[in-house]
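Notes for the structure review
One letter stands for each residue in the lines below.
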Number of protein chains: 4
Amino acid sequence: MIERYALSPMKDLWTLEAQYTRWLEVEVAALAALEELGRVPAGVSEGVRKKAKIDVQKIQGLEKEVGHDLVAFLWALEEEIGTEGRWLHFGLTSSDVKDTALSLILRDALEIILRKTRALKATLASLSLAYKETPILGRTHGQWAEPTTFGHKLLVWYDELLRVEARLQRAQHTISVGKLSGAVGTHAYFPPEAEEKALRSLGLKPCAVASQVISRDRHAEVVFALASCASFVEKVALEVRNLSRAEVGELEEGRPEGSSAMPHKRNPILSERLCGLARLARAAVGPLLESNALWHERDMSHSSVERIILPQVFLLVDYMLDRVDKLLRELQVFPDRMRERLSEALGLPFSEGLLLALVQAGMARREAHVLVADLSREAIQRGVPLCELARQNPRVRAYLSEEEIKAVFDLNAMLKRVAVSFDRVFHSRYNSCCDH
Amino acid sequence: MIERYALSPMKDLWTLEAQYTRWLEVEVAALAALEELGRVPAGVSEGVRKKAKIDVQKIQGLEKEVGHDLVAFLWALEEEIGTEGRWLHFGLTSSDVKDTALSLILRDALEIILRKTRALKATLASLSLAYKETPILGRTHGQWAEPTTFGHKLLVWYDELLRVEARLQRAQHTISVGKLSGAVGTHAYFPPEAEEKALRSLGLKPCAVASQVISRDRHAEVVFALASCASFVEKVALEVRNLSRAEVGELEEGRPEGSSAMPHKRNPILSERLCGLARLARAAVGPLLESNALWHERDMSHSSVERIILPQVFLLVDYMLDRVDKLLRELQVFPDRMRERLSEALGLPFSEGLLLALVQAGMARREAHVLVADLSREAIQRGVPLCELARQNPRVRAYLSEEEIKAVFDLNAMLKRVAVSFDRVFHSRYNSCCDH
Amino acid sequence: MIERYALSPMKDLWTLEAQYTRWLEVEVAALAALEELGRVPAGVSEGVRKKAKIDVQKIQGLEKEVGHDLVAFLWALEEEIGTEGRWLHFGLTSSDVKDTALSLILRDALEIILRKTRALKATLASLSLAYKETPILGRTHGQWAEPTTFGHKLLVWYDELLRVEARLQRAQHTISVGKLSGAVGTHAYFPPEAEEKALRSLGLKPCAVASQVISRDRHAEVVFALASCASFVEKVALEVRNLSRAEVGELEEGRPEGSSAMPHKRNPILSERLCGLARLARAAVGPLLESNALWHERDMSHSSVERIILPQVFLLVDYMLDRVDKLLRELQVFPDRMRERLSEALGLPFSEGLLLALVQAGMARREAHVLVADLSREAIQRGVPLCELARQNPRVRAYLSEEEIKAVFDLNAMLKRVAVSFDRVFHSRYNSCCDH
Amino acid sequence: MIERYALSPMKDLWTLEAQYTRWLEVEVAALAALEELGRVPAGVSEGVRKKAKIDVQKIQGLEKEVGHDLVAFLWALEEEIGTEGRWLHFGLTSSDVKDTALSLILRDALEIILRKTRALKATLASLSLAYKETPILGRTHGQWAEPTTFGHKLLVWYDELLRVEARLQRAQHTISVGKLSGAVGTHAYFPPEAEEKALRSLGLKPCAVASQVISRDRHAEVVFALASCASFVEKVALEVRNLSRAEVGELEEGRPEGSSAMPHKRNPILSERLCGLARLARAAVGPLLESNALWHERDMSHSSVERIILPQVFLLVDYMLDRVDKLLRELQVFPDRMRERLSEALGLPFSEGLLLALVQAGMARREAHVLVADLSREAIQRGVPLCELARQNPRVRAYLSEEEIKAVFDLNAMLKRVAVSFDRVFHSRYNSCCDH
């Protein structure tokens, strides 16, 4: 059923054919390096490169016979290549080829992901600037808090995305390694110089040291970076769902879904779907971490885990990034509804301002807190704005003039420093003092 | 029951008193910064610093009354400080104080962890050098593979620990941020300049932008770094368990545990315990990732999660590092048993060498593979060394001389390149070409 | 920090002293059974019972010396009891005692949990009946759906709680087993008859067969039952949060929390806390399942996992049940706001009725669906009730009379079958045809 | 990549075509029930049944247009059926159809699983009886413990499988429910009598009460039962891996895998693969539990989770059961190696017997424990059997005669009660006193 969430070019990286092609690339690179060092007769690697052809069905047939996928792959090639084919895999073990090929796939898959995070950054940057000064009620605990701007929300996401991107880049660096050091990592039959040459030609670095396999802590880091990316998408999607609620109505998906029963429905199902997919991405971290500690120089228990989970989590996160970008680009934003909600809040979002004005004027904080809380409750019960009640309250008036009270409820004053966050995020002079 | 696994100084960071002390630190730093900017009367911060005293029981008593821990904390302080106390918390929201204080705790807790990873690195470096040339059977799939050295195993761990350390350091950087920007992150009542000053005095940087809280993707990164550390410890412990098995006997814990029933037992229970604890550390990543996407400017659902999981995972990983270091330092290593096991393996660990010698001499790889596999099976069934069978086999002898066969089974030749991995790991000139 | 969430009597089950007391209970029961079978001199078990005293500090001191908790426990007892003490633990292994004692604790802990689910059932039953006919907008995808009653929501929870309770009861049955069959489960030195007698006296059954330990699939089932209970509490708490949102306002926690900064706040933090705790309970299932497959007759890796996770998950779920019951009992319900929201919905919650009336009258479903969707959109855009628009629409009127249209928008008609669900849940004659 | 692990008939249950077929089944059953109650003209259901054809591509094309899978499904059918088609879905909402259809799939999928657990039970029963008296060293903590029989190990698994089967059966019961009660579960437009009739015809029971959807606690129970099954398979596979270790050699997979590099290898990769897959099955429980608490009457976040995870976990567990059965049936068992290992253990597996004999003869337990531990250490260090050392030790001889010492080391005596466990498991008279 994952077909539904599989996009090109990501899905093309994970086909059997693509995998065999990577294996061949690694085998040929290894041969070429041995040849350069004079360990294999000149011309062999070129000959292999020319004659080798990937025949998926033939390999799968042989695999059924011999019960080992890489041995089947080698036999299929050897048949086609003829006598020179015997040099294939010289001094290597299956994991040398498979793990190095997997690194190539993961590196390229992360490149696709990073291309999408870059696009998403552009979307978020431009949206956040467009709505930089659009007032909206901030909400905490599902309750009215203080005013903010819709652009500020978007900026918070942009800023998190910078960290997600950094994690993905580090993960890409971490996984851009290969390993051609033989059955237990001792380079018994494959010299380190050849390993370095071959991997350099593939754009990888050698692991400084390895057992039979590349250590799985690297793969776990990759999956965590993806899970962190998924968690970011979830955050955006959850907010879209919350602001699209019928009673809030400040946002609407570009193409909300109807219902088979209720023709009036406009459901934010894309956002809901993204929230669900984040759960799956999260759940991939555990099995990867479980697959790090293997027996001795390696056991195979990690293999089936990776075969299923790695393509899955890459496909899902790739899909999520694609869709969240679309979600944001097509998002319907209703600034009027945002202002409306703000004005329905009876001035309560300014209660802290009143408290602080009283404190500044000399009232004890605790006393001021209780007083403003009482007035707020009254505002809700009677449906009278807090500003009005404050003006009428003798204890407030003992400290504050009408002018001072009015100043407390000034929306523009409250939002004037939002610009600072934008400066911090987008302008370099702030980048040294702040952290993304 | 966690008491059993709680060590000082880590556990002292997480007491209620330590938490309140951090809160006070943040409140005072904020006051001092406001004062410097002329927003609070001169001398207030100094006055507060002098008069403020943390009275845990009083705060807890007030919390029961008011139902809010930070409000209770403020009321308790205000009572003691008197009229100047009203300036406390000016322009701040609870999360400003709590999240910033939590960052201080996490930063310091990571410092303790990093001190232990440094110690562990020293232990592993010295052990790996001590056993650099001690031969041992490499094993894959629980089966004999090819020879390696015990030092090489230790070097693989050392190398992974470098990556774990890097993750912990990055996580420490990621979490060394504070946030004093008010109820919804707009700096409505607390100016950004004061935020920067106050946080600088605490050794933190401000988040470039924030909602009510510091984004939880940062905390999730911290916990993943810890889980990755725990997974590393598990890897070491699992190998100790495997090499301590009665039938292998190449290692023994320094102080194996007996049994209440069977007086002969010497169980590697420390290693087993470490494997168990890794499962718990792993399981902490999920709840943290789940707690990243909050409603609007924040909801409280992350709070109970962190209150329990954060101290727990820090205590456990701190304990694990402590104990794995002890485990390694006190480990009983039996090089004689290692050599014994190698010599019992009937030369099978050299089968690849024989295969490659035949290929080099011109035999097709597939043919050579099948031939050596047959000889290996015969070796096991008849209990005759592979070397012997090879010497007697006419098909082998058609390609290889007695001398060449003998060379295949030379242990020293197989291990001669192990030194390269040590050079790569420990000497800088390799660090540019390899990756840890 | 878990202290904050630990309630009596649950927490008293998990103290060290309580644990040692259970161990002693098991040892004495075993002795008594052996005595009854004539394998131990008469009077020994009575003597031991009288002289044995649990001295926690002494045991812990001895544990540091000998490095084994149960051996330390035995030595401490033997010292106090004197020569008869040598019969203690006769033919048993540590796991016999510890695992059987753990079963006793788990059985009793589940009893406490079940007492709370029973109380919660009573709360939900009475609330659901009280609000059986209180209309409220049903919402799907955060959007207005069709009307339901608040009691119907509560009934859905009650019904789920029945399944949770059944899972807990089955788990209690599953874990009410002991095991006194020695080091590898062969009864080598402890006869099966004695096992049966001893366990019967403790209210347990013997495992039909065992390795050194009681199989951990049983413990995993217990923890899943608890996680399922936590997930149920989360469902209730999430709904309370959603219906308490400022824009909805149909519910409010009995004692919402204020804010240190914003005096007007009334935050549903108890519900939020419960949602957070559910994440932790969920995360306990994985480590338990990981701890089922042990090496051979057992390894110790499960032990540290259980020592931490079992008390934790029991304490949390116990706390959650306690608090959700309180949450529900003190919940402020605002039927007027519920009606208000319904009436603000412009008749859209009846759109399916209109669709079906058209179909019934002969219009093709697809055509009717598109038509009603268009009218609904118009209703929202123009702020005109759907009923009105339908009456004015010629295509509608070609199929439906004014009377028929009016009938579609009859709230009472829509809710008339809610009673059936109540009958099904509460009356036995339906229980055979339905499933809870 | 999951294709590799997908077997028929399980995989056929999860195709798109199969899913649409189930939807149609539910729609037709609903129509027939309405018809029976006179709510839909006679003959409609029969007409629909005859004319309806599933055209996957057409539906998918319409889905792209309308953005709703079930609406597309209805439109496609309506086109084919003509005017009677308008009665399809009368009074239903999408979830009525999808959730009920999903229950049918899950019920049938569990039936396939249960067929395999039955086959596996037969395999384990016959193997356990075949090796009932085959002695093997029991091992705890990876160390020699006491003798047991290979059949006893198999019996422990058989017994756990009984509990797994019970969980699967209960889960099947739990999920054999449907729900045809409309958009918010109030039966507003679909009468409860029709629901009961329709579901009965499908072999399901109605949920006593429901929101828009069948509560996801039911689905979570299903997935836990599968995870518990996977954990059982892991236990078996882990033991096969451990007993197949080169140094143990008591078992070998029927068709161990070779290595591309090392021709001598015979790797237990099937067991390793099964261990890996168990990690994935486990990881499915979390996302399901996360998807239980939905917003109000439902949100869609569970949908993408289930679409991916449900087929995946069923396919994996189905595959695992298939392969573990094959693994066991083809397993190579080497009783001679088992005896050999036992005899190499220097009599240490009998140390508890010696301890108990001394206690029985009057020595204090602590003293006896220390004495036998010392002798055991000496046995290992000197390579002399414990029996011999005991005979020569004056402190032992002060309590025990040569005859009595000899009796301690009698293998048959130690194993004589293994039969009791078999009786308990296989014979009903024990089933009342024991628990599986």
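Cut-offs applied
- Starting from 1, residues in each chain are numbered consecutively following that chain's sequence as written.
- Labels are handed out in written order, letters beginning with A for the chains and numbers beginning with 1 for the ligands.
- The predicted origin of the model limits local features to residues at a pLDDT of at least 70 and limits the giving and counting of side-chain atom pairs to 80 or more, whereas totals for whole chains, interfaces and linings rest on all residues.
- We call two residues in contact whenever the C-beta atoms placed from their backbones are within 7 Å.
- A run of H or I in DSSP becomes a helix once it reaches four residues, and a run of E becomes a strand once it reaches two; helices and strands are each numbered from the N terminus.
- All residues other than Ala, Val, Leu, Ile, Met, Phe, Trp, Tyr, Cys, Pro, Asp, Glu, Lys and Arg, Gly among them, are scored as polar; the first ten of these are nonpolar and the last four charged.
- A residue counts toward the fit only if its pLDDT is at least 70 in both copies, and the copies are then superposed by least squares on the C-alpha atoms of those residues.
- Burial in this document is a count-based property: other C-beta atoms within 10 Å of a residue's C-beta are tallied, and the residue is buried at 20 or more, exposed at 12 or fewer, or partly exposed in between, with C-beta positions derived from the backbone.
- The rule for pairing is simple: two strands pair if DSSP sees at least two bridges between them.
- Residue ranges labeled as domains rest on an automatic or database domain assignment.

Time to look at the interface of chain D and chain B. Counting from both sides, the interface comprises 32 residues of chain D and, opposite them, 32 residues of chain B. Secondary structure elements with two or more residues in the side of chain D that touches chain B: β2 (143-149), α8 (217-244), α9 (269-283), α13 (351-360) and α14 (365-382) of chain D. For the side of chain D that touches chain B, the per-class residue count stands at 13 nonpolar, 11 polar and eight charged.

So, on to the relation of the copies chain D and chain B. Each copy of the sequence occupies a distinct position, and chain D is placed on chain B by a rotation of 180° and an axial shift of 0.0 Å, giving an RMSD of 0.0 Å. Within this description, the copies of the chain are treated as partners about a two-fold rotation axis. Taking the C-alpha atom as reference, chain D places E247(D) closest to the rotation axis, 3.0 Å from it. A shared interface surface links the copies, since 100% of the contact residues of chain D are contact residues in chain B too.

So, on to the relation of the copies chain A and chain B. Rotating chain A by 180° and moving it 0.0 Å along the rotation axis overlays it on chain B with an RMSD of 0.0 Å. Interface overlap between copies is the fraction of interface residues in one copy that are interface residues in the other; for chain A against chain B it reaches 100%, indicating a shared surface.

Let us now look at unusual backbone geometry. Cis rather than trans, the peptide bond between S8(A) and P9(A) has omega equal to 0°. Looking at the secondary structure, you find P9(A) in the segment before α1 (16-36). Positive phi, close to 160°, is recorded for R298(D), a residue that is not glycine. Looking at where R298(D) falls in the secondary structure, it is placed in the loop between α10 (285-290) and α11 (301-330).

All right, on to the pairing of strand β1 (residues 135-140) of chain A then. In summary, the side chains of a regular strand alternate between the two faces of the sheet. Residues and elements named next belong to chain A. With six of its six residues buried, β1 lies for the most part within the structure. Looking at chain direction, β1 and strand β2 (residues 143-149) are connected through five bridges and run antiparallel. Its bridge partner being in β2, L137 is matched across the sheet by P147. Between β1 and β2, which follow one another and run antiparallel, lie two residues, and H141 among them has a positive phi close to 60°.

In this assembly, 88 residues from chain A lie in contact with 88 residues from chain B. For the side of chain A that touches chain B, the leading source of residues is helix α8 (residues 217-244) of chain A, giving 13 residues.

This part takes up the domain arrangement of chain A. Residues and elements named next belong to chain A. The assigned domain composition of chain A is domain 1 (8-339) and domain 2 (345-431). Between domain 1 and domain 2, the contact holds 12 residues from the first and 11 residues from the second. Where the side of domain 1 that touches domain 2 is concerned, the elements lending two or more residues are β1, β2 and α6 (150-175). Considering every element that reaches the side of domain 1 that touches domain 2, the biggest residue donor is β2, with five residues. Across the side of domain 1 that touches domain 2, the residue classes break down as seven nonpolar, two polar and three charged.

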